[in-house]
Amino acid sequence: MQAQILDIATSAAMLYAVAAGLLVIFGVMKIINFAHGAFLTLGGYCALLTTWAGISPWLAFPVAAIVGFIIGALVERFIVRPLYQRPLDAILATWGLGIILGQVITLIFGREVQFVQSPVQGTALVLDTDYSLYRLLLVPGAILVGVALAALLHGTRLGLAARAVIMNEALARGLGIDSDRVRSLTFGLGSALAALAGALITPLSSVDPAMGVPWLVNAFMLVMVAGRSLISLMVATVVLGGAQVLVSSYASPVLGGLTIAVLAAIILRIRPQGFARD
Amino acid sequence: MTDHADHAAESPAAGTVAPPRGLAPGTLAARHPVALGTLLALGAVNVAPLVIDTYSVNVLVRSFLYAAVALTVDLLWGYTGILTFGQSAFFGIGAYALGLAFTHIGLTPAVAVLALAGAVVVAAAVAALTGWLAFGYGVSPIYVSVVTLVLPIVATQLVFSGGTFTGSSSGLSGFDTFELDLEDWFRLAGCGLVLATAAAWLFVRSDAGRVLVAIRENEQRCTYLGLRTARIKIALMIACGIVAAIAGYGYAAYTDVVAPELTGFVFGTELVIWVALGGRGTLLGPVVGTILIDLTSAYLSGSLPFIWQLLLGVAFVLVIVALPRGLLPVLAAGGRRFAGAAAGTRAAVLPNLVPLVPTPTAAPADAGASATPALRLRGVTRRYGSLQVLHDISFTAHAGELLSIVGPNGAGKSSLMRCIADGHERTGGTVDIAGHPIGRRNPEACVAFGVGRKFQAASVFDTLTVAECLRLARMRHEPPSLWRRAKTLRLPVSALQVAQATGLLEHSGEEARHLSHGLKQALELAMVLALEPTVLLLDEPTAGLTRPERQTIGTILSALTRDSGMCVLLVEHDLDFVREISSRVVVLHQGKLALDGTVAEVVGSDLVRTIYSGETHALGDAHG
Amino acid sequence: MPSVTLMAEVIPALECRGLSSGYGEAVVIRHLDLVLRQGETLALLGKNGMGKSTLLKTVMGYLPALAGTVRLEGRTISGLPPQRIARQAVSYTPQDQALFPDLNVGDNLRLVVDDERALRTAVAHVGGYFPFIPDRLTQKAGTLSGGEQKMLLLARALISAPRVMLVDEITEGLQPSVVTRLVEVLRVEQRRLGFSLLIVEQNVRFALAVADRYAVLKQGEIADLGASADAGAETRIIDHLRL
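Just so you know, these numbers come straight off a predicted model, no measurement behind them.

1. Considering the overall build of chain A
Broken down by element type, chain A carries 11 helices and two strands. Counting from the amino terminus, chain A carries its helices and strands in the arrangement α-α-α-α-β-β-α-α-α-α-α-α-α. The C-alpha radius of gyration computed for chain A amounts to 18 Å, which stays within 12% of the reference 19 Å derived for 278 residues, consistent with globular compactness. Each principal axis of the C-alpha atoms in chain A carries an extent, and together these give about 60 × 45 × 35 Å. Within the span of chain A, comprising 278 residues, buried residues form 59% of the whole. Expressed as a percentage of contacts within chain A between residues at least 6 apart in sequence, the contacts between residues at least 24 apart total 76%.

Next up, the structure:
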């Protein structure tokens, strides 16, 4: 039981970290970035590179975020910008971009599964359970990501501009806000978060060129359910992530893999706005 | 092309005089190109195995089966606008039906037939469930992509969790299967693909097939023409699911292998990529594209697997961003320029427009209209959250009345129109159309009761011709053919009058997007009149029109109410226009019914004067 | 009338020449010529659907000019996106959804100033006219009363230090006392800052009280143009607007 509580908390934390970047892009730009999984993979390979380079594994996080940001901003400029009026095509184009990124990674690193060094080793005794310390640290890590995003959105001028663009882009433009710049930065930020999440989760498993796809599906479902709010994303990750853990342990891990997608589909059918307030 | 010219010359005259009816001699000729193409293609797939090398024949059987699935993706996404990632699931259902049956029961003719029947039934049931989930009222349009994404994931996981029964991750293989020569497999799959493509080709060019494009272009207009779009989309999903399942069945029989990847999300997205590259909404593009890409993959994946995938990814992104219609239309346009001949297949069928002889069934409705009001509103309210835009609106309107609804911006005029045409819109109160309470029914049910709604901004089907738009408006009365185009189009006299008076008839072969703004408005009005409504809702029909166009519309509306006994509700800003044509005026102000009277009463009232000179506080309202 | 320099006589604050615009293929404004002089207030009047709001949206770059040009103090601005026009000291207050109702009062104002210091100065200044603003900086703008929202809109327009101010129907649904207050504030601030003001109005009395000149739009063309002080202006305008 205690182990399950910890599993739920850490799973929700991982899902939150993974989905936050997708939510940021969807919230501001109303675009679903299907390259999200590829950016996650990219972050995983950034972690692999730091392992190979023999530098501190902690550096994997800033490296992944910076690489994600730069590539994301470029992608926004050249691929996403022509597609704002065609949101379904934007899904497809970013999926195609994901294929490209995946194949480039495969060409450079090969198809095989590889392992990265974890910045934290060992276990800790929590709730009478010996539990992976790194996994536990993901909880404050995800909270940190959420708080930093909230601070960025609610405490800076860029965040204010982004919120204005979300709420009413036409009005924001009329007040002199350059919504193109806001979008570039947002897409860069969302991609950076995806890559960071990739670097965060790889020490728990491994890296391979297809690692992002299942995460993409789950993140997509969570964002559809959460709408545009960081708070409802937290609720969604705890509820759906918790259900996933419970189904995995009491039914079967295979069915657990389905839980988020199926529950999200059911929730959205009953309540199209999901966990968002209206 | 000669066909086209003939009909174009005939149609204006046909507007007033019914042409001789009966089978036009052009019917067979019009179908000829399809029949010819089909026969040629059938011949080609029967000869091809004799000349192509064995490896290619081997690969092409698979490519043909994939192409059949791509065809269904094109029907769903390319034609109807339903972005689906889930056709792989249906392919997998067919494949596993065969794999499971032959592995666990064995190969007998009965088992083979039952497995196929099982595949079809399961695929149809899953498609119906998916459609029911995805196309409910108020469900967001992106939801269908969510569900079709979940579907293959569920299917794959079910296979994984099936243990030795489904073979889990390694799948099933080595079961006994049909013993056919490779060449025969090729001919079977090839003929199947050609016939499926020909059937799809006839369907999308038939009257019924235009509905798919209409749904993609403007689903709202479809529902307000009384078309039950949800049912149509579910039916399409079922048909496409069955075709994909049959292809999957063939795949398993041919390869003797079924694996979880066949049902998976990645295969589902690959199908979309092939369709996009070939050219969505062209049928031939996706079929040819799929075959070429799969064949090339087979040759290159051995030597350059990742480079090939990379190139495909790059091509896909480039096509989506720069050539959203895909490669076939580009190549076809180039080819046409090269050949110098126009292959304008679409314009070939242009129906004669024929006035509809009033049927006896219309009479009881008219008789009833005199007893019960055409429209009755009692205590209608509308809230958006805490904002109340309509307060307790009650009035009745009768056949033969032209009732104008006026009031300043934000008075609730358009909200009121929505509440009459869609049972889900109002918060409280009742709306009766010719004595039928609309309850919480969908717009298409309100249309069935007799509502016809014209939107403020002309709402037509951009890529359909004028004649096709009008045909769609008649489908509620005259079910369309699934494989051909009717040679005549019967329209109510009122709709025909609008089309004639505005000059729309001369453009009946033109796509609606090329019409002028005024003609688009006229087209939508003619479409709504083609519904033969008892209550006609018009939201600013003259907005953006020139003065002569306004006058034409005004004259037509007056005549319509006088002659056809329709009840017309008009929302209008141009008060001069209102004064000229109305028999009664209702004034809305801040969501309340402020005045209801004759034109003279309303125009002369102090209340209207104060509302329009901006002194809103005169109504004793403490706003702000 | 504020005093005008020779320079200002030559270069209008805003100038539309042969301007046509509309929505898609629906042409709402046809070959319109209109000049807003430096420092003056011009009221655009006309019935609904006659192109008043369309004109402001075209000037602001929301709608493309189908023909003709718009010049701001001599520089062509037609073809620029709204944010570039706003950055040239043009303030625009649309008729609907002019505020961010889910942002607080402070954030609504913060969007148009450069930094926190400028915001503090600006809030102190507009607080002199509308004391509720400094008191309720953290209240969501959507929870203000209708009149307060309009005052906040005017405050936002003023603190953005505009050269040209475009205001679409700010008096809609307001009590006469609030309208009078808005007129006073506009008068004082225009004298102080010297901006030129183009207002769209349905309220004829407010329009004439605040404007130096008026123009009546009918079917996208100017049907009447004159000085507000002209005898009989009001009767003539109401004549244009009547049923």
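2. Comments concerning the sheet that holds strand E4 (residues 67-72) of chain C
All names here are of chain C. Spatial strand order, E2-E1-E4-E5: four strands in an open sheet with antiparallel pairing. Each end of this open sheet is capped by a strand with a single partner; those strands are strand E2 (26-36) and strand E5 (75-76). As paired strands, E4 and E5 are joined by two bridges and run antiparallel to one another. For Arg71, the partnering residue across the bridge sits in E5 and is Thr76.

3. Overview of the pairing of E4 of chain C
Residues and elements named next belong to chain C. Bridge count between strand E1 (residues 14-23) and E4: five bridges; the pairing is antiparallel. Counterpart to Glu15 in the pairing with E4 is Arg71. Taken together, E4 and the strand that follows it, E5, pair antiparallel across an intervening segment of two residues, in which Glu73 is found at a positive phi of about 45°.

4. Overview of the environment of Met14 of chain A
All names here are of chain A. Position of Met14 among the secondary structure elements: in helix H1 (residues 2-29). A residue is classified by how much of its surface remains accessible, and Met14, at 10% relative accessible area, is buried. Between the C-alpha atoms of Met14 and Thr237, which are 223 residues apart in sequence, the distance is 8.8 Å. Filtering out sequence-adjacent residues up to four positions away, Met14 remains in contact with Arg135, Leu138, Ile201, Leu204 and Trp215.

5. With respect to the interface of chain A and chain B
It is common to report an interface's size as the accessible area lost on association of the parts. Listed as interface residues are 35 residues of chain A and, on the opposing side, 35 residues of chain B. Between chain A and chain B the total buried area reaches about 3,200 Å² when both faces are included, carbon and sulfur atoms providing 83% of it. At the surface where chain A touches chain B, the tally comes to one salt bridge. Asp89 of chain A serves as the salt-bridge partner of Arg280 of chain B, at 3.1 Å between the closest nitrogen and oxygen. The tally of links between chain A and chain B comes to seven residue pairs in polar contact (both at pLDDT 80 or more). Elements represented by at least two residues in the side of chain A that touches chain B include exactly helix H4 (87-109), helix H9 (212-226) and helix H11 (253-270) of chain A. Top contributing element to the side of chain A that touches chain B by residue count: H4 of chain A, with 14 residues.

6. Thoughts on the sheet that holds strand E10 (residues 221-227) of chain C
Residue and element names in this part refer to chain C. Read from one edge of the open sheet, six strands run E6-E7-E8-E3-E9-E10, paired in mixed fashion. Pairing within the sheet leaves two strands with one partner each, and these edge strands are strand E6 (90-93) and E10. Neighbour-to-neighbour, the strand axes of the sheet open up by a mean angle of 15°, direction not taken into account. In the packing of helix H10 (residues 233-241) onto the sheet, contacts are made with strand E3 (41-45), strand E9 (213-218) and E10, and the angle to E9 comes to roughly 15°.

7. With respect to the pattern of salt bridges
Here the structure, examined in full by the defined rule, presents 35 salt bridges over all chains. For Arg221 of chain B, the salt bridge identified is with Glu524 of chain B, shortest N-O distance 2.3 Å. Note that Arg221 of chain B is positioned in helix H9 (residues 209-223) and Glu524 of chain B in helix H20 (residues 517-530), a separation of 303 residues in sequence. In this structure, Glu478 of chain B and Arg490 of chain B form a salt bridge, with 3.5 Å as the shortest nitrogen-oxygen distance. Note that Glu478 of chain B is positioned in the loop between helix H18 (466-474) and strand E10 (488-491) and Arg490 of chain B in strand E10, a separation of 12 residues in sequence. With a relative accessible area of 23%, Glu478 of chain B lands in the partly exposed category. Classification of Arg490 of chain B by relative accessible area gives partly exposed; the value is 34%. Each member of the salt-bridge network shares a partner with another, and the members are Arg163 of chain A together with Asp107, Arg110 and Glu116 of chain C.

8. Things to note about the confidence of the model for chain B
All names here are of chain B. The predicted model of chain B averages 84 in pLDDT, with 87% of residues at 70 or higher. Mean pLDDT values over the elements of chain B span from 40, in helix H1 (residues 2-14), up to 96, in helix H10 (residues 229-255). Contacts of residues 360-369 to residues separated by more than four positions or lying in other chains number one contact, the stretch itself having pLDDT below 50. Listed scores for the predicted complex are pTM 0.84 and ipTM 0.90.

9. Some details on the packing of aromatic side chains
The full count for this structure, using the stated rule, is 22 aromatic pairs over all chains. Taken together, a centroid distance of 4.6 Å and an interplanar angle of 35° make the contact between Tyr45 of chain A and Phe109 of chain A tilted. Pair noted here: Tyr45 of chain A is in helix H2 (residues 36-53) and Phe109 of chain A is in helix H4, with a separation of 64 residues, a long-range link. Residue class for Phe109 of chain A comes out buried when judged on its relative accessible area of 13%. In this structure, Arg205 of chain B packs its charged tip against the face of Trp201 of chain B, placed 3.8 Å from the ring centre.

10. A short note on the packing of H9 of chain A against helix H6 (residues 143-160) of chain B
When two helices pack together, their arrangement is given by the angle between the helix axes and the distance between those axes. Here H9 of chain A crosses H6 of chain B at 145°, and the two axes come no closer than 11 Å. Considering how the two elements wind past one another, H9 of chain A and H6 of chain B form a crossing that is left-handed. Of the residues in H6 of chain B, those in contact with Val217, Phe220, Met221 and Met224 of chain A of H9 of chain A are Val146, Leu149, Val150 and Ile153 of chain B. Among the residues making up the contact of H9 of chain A with H6 of chain B, the classes are represented as eight nonpolar, no polar and no charged.

11. Some words on H10 of chain C
Residue and element names in this part refer to chain C. When H10 is considered as a whole, its buried residues turn out to be Ala233, Ile237, His240 and Leu241. The buried residues of H10 occupy one face: seen down the axis, they fall within an arc of 95°. Where H10 is buried, its residues contact E3, helix H9 (204-210), E9 and E10.

12. Side note on helix H10 (residues 230-250) of chain A
Residues and elements named next belong to chain A. Taking 1.5 Å of rise per residue, the 21 residues of H10 would be expected to cover 30 Å, and the 30 Å separating its terminal C-alpha atoms lies within 8% of that figure. If you check which residues of H10 are buried, you get Leu230, Ser232, Leu233, Ala236, Thr237, Leu240, Gly241, Gly242, Ala243, Gln244 and Val245. Of the surrounding secondary structure, the elements contacted by the buried residues of H10 are H1, helix H5 (133-155), H9 and H11.

13. Focus: the side chain of Glu444 of chain B
Residue and element names in this part refer to chain B. Structurally, Glu444 can be placed in helix H17 (residues 443-449). Buried charge Glu444 goes without a salt bridge, the closest partner of opposite sign being Arg228 at 6.6 Å. Every residue in contact with Glu444, bar those within four places of it in the chain, is listed here: Thr223, Gly226, Leu227, Arg228 and Thr229.

How each quantity is defined
Residues numbered from 1 in each chain as written. Chains lettered and ligands numbered in written order. Predicted model: local features only at pLDDT ≥ 70, side-chain atom pairs only at ≥ 80, totals over all residues. Heavy atoms only, no water. Helix = DSSP H or I, 4+ residues; strand = E, 2+ residues; numbered from the N terminus. Rg over C-alpha atoms; globule rule 2.2 N^0.38 Å. Buried < 20%, exposed > 50% of the residue type's maximum accessible area, 1.4 Å probe, protein only. Contact = heavy atoms within 4.5 Å. Pairing = 2+ DSSP bridges. Buried area = accessible area lost by both parts, 1.4 Å probe. Salt bridge = Lys/Arg side-chain N within 4 Å of Asp/Glu carboxyl O. Polar contact = N/O pair within 3.5 Å; in protein donor to acceptor, adjacent residues only side chain to side chain. Axes fitted to C-alpha atoms, helices over the stretch in contact; angles between N-to-C directions. pLDDT = per-residue confidence, 0-100. Phe/Tyr/Trp six-rings, centres within 6.5 Å; stacked < 30°, edge-to-face > 60°. Lys NZ or Arg CZ within 6 Å of the ring centre and 35° of its normal. Left-handed = near helix turned anticlockwise from the far one by under 90°. Nonpolar A, V, L, I, M, F, W, Y, C, P; charged D, E, K, R; others polar. Arc of directions from axis to C-beta. Expected span 1.5 Å × (residues − 1). Lys, Arg positive; Asp, Glu negative; His and termini not counted.

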